[in-house]
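# Fold and contact review
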Amino acid sequence: MRFPQPVRVGDLLHRLVLQPVESQIILGRVHAVIRDAHGNVMVVMNFGGFYGFGGRLIAVPIDAMVLLGQDMEVVAYTPEQLKTLPTYKASAETAELPDDAILKVGLAKPSH
Amino acid sequence: MKSLFRPDDAPDGSALDLHRPLIRSLERRGLLRGGITLGSLVMLTGCDVKRPEAVQQALLAISRLNDKVQALLFDPNKLAPTYPASMILRPPKFNAYYDVVDVKPVNGATWRLELSGLIQDKRPWTVEDLQGLPQSSMVIKHICVEGWSYIGGWTGVTLRTFLERVGADLKAPYVAFNTADNYPSSIDMATALHPQTMLALQYGGQTLADPFGFPLRLRTATKLGYKNPKWLTSIEVTNTYPGGFWEKKGFPWFAGI
């Protein structure tokens, strides 16, 4: 168990998203947190850019991510798998979660 | 224009060619390492650098000297920087010498804080007992020896209040801690009595969560992160150097910031 902790959606926005490796490679940055057409909570992040800027938006299930201090990590997908995810587009079926919504997110393994 | 510092008769360029293989093999880190072991160590201690245990002894002696200097420089009345509550990272960053999945939560109902050593009243403490003592809060930076940091908000009993309440010998040099995750630690008495050294029960106004040391952990604003044991189970006041988990592996004991 990764001891999921309550965290405000507003506190997740703009966080760096890292690969869970010692070199802490930056995968992207949190852009929004949404509920998709199937009711799943997804983290929309820009991916494939530089230092979390640029690239395209992808939606990653929040259950695939953990908290590492001020950052987040994607633990359930490899960068190669993230590359295959479709580009995210907001639609009538997706809803952005308000900043004050509280989610429970697991904790990352210490990075040493 | 010719440099003003260039000598009139330059050294023979062939010297560079002669030593090219050696120059190529130089690396910055290797140079530093070589400089430390062969240069400073021999000069400082006169030890035989071919014997690794001699080198280790010398380095530990320097580390102990550093500890003494830090203790001399420590100002018991100087406060570490504090921050507004809006800057508190929620939740805090998890850290331990093992993975978060290996955290063993402590049962707060049966938990007791045991006391030993130079303490008059050694009765064990419950969570409710500790909550009954005067509480204070501080928003301080947690700085890890690894280089990361975060701002956290802690509430609990200052260690000074606690030590005074149980009649600890405040002239003793060491306060030692044991924890449920087998992470022994210890600090100097001056730091233990500093106003920003606390037995923390809460983070961000909420009861400490399991991964962050529930029910009780140490938080001190004047030392590195590894001097802040979580899941405390006992406190000892002693005249004997107690060491600690990382200190046994060669980390500095004082670890002041």
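Residues numbered from 1 in each chain as written. Chains lettered and ligands numbered in written order. Predicted model: local features only at pLDDT ≥ 70, side-chain atom pairs only at ≥ 80, totals over all residues. Heavy atoms only, no water.

Looking now at the overall build of chain A. Check the secondary structure of chain A and you find 2 helices and 9 strands. Listing each helix as α and each strand as β along chain A from the N terminus yields β-α-β-β-β-β-β-β-α-β-β. Over its C-alpha trace chain A gives a radius of gyration of 13 Å, about what one expects of a compact globule, namely 13 Å for 112 residues. Dimensions of chain A along its principal axes, counting C-alpha atoms only, are 40 × 30 × 20 Å. Within chain A, buried positions represent 46% of all 112 residues. (Helix = DSSP H or I, 4+ residues; strand = E, 2+ residues; numbered from the N terminus. Rg over C-alpha atoms; globule rule 2.2 N^0.38 Å. Buried < 20%, exposed > 50% of the residue type's maximum accessible area, 1.4 Å probe, protein only.)

This paragraph deals with the sheet that holds strand E4 (residues 174-179) of chain B. All names here are of chain B. Across the sheet, 4 strands lie side by side as E1-E9-E4-E5; this open sheet has mixed pairing. Whereas interior strands pair on both sides, the edge strands pair on one side only; in this sheet they are strand E1 (114-117) and strand E5 (185-188). Mean inter-strand twist for the sheet, computed between neighbouring axes without regard to direction, equals 20 degrees. Inspection of the sheet shows E4 paired to strand E9 (residues 232-238) by 6 bridges, in the antiparallel sense. What sits directly across from Tyr174, in E9, is Thr238. (Pairing = 2+ DSSP bridges. Axes fitted to C-alpha atoms, helices over the stretch in contact; angles between N-to-C directions.)

Glancing now at unusual backbone geometry. Residue B:Pro91 is reached from B:Arg90 by a cis peptide bond, and omega for that bond is -10 degrees. As for its position among the elements, B:Pro91 is in the loop between helix H4 (52-73) and E1. A cis geometry characterises the amide bond from B:Phe214 onward to B:Pro215, with omega recorded as 5 degrees. Examined against the element boundaries, B:Pro215 turns out to sit in the loop between strand E7 (206-207) and strand E8 (217-220). At A:His14, a position not held by glycine, the phi torsion is positive, near 70 degrees. By the secondary structure assignment, A:His14 is in the loop between helix H1 (9-12) and strand E2 (16-18).

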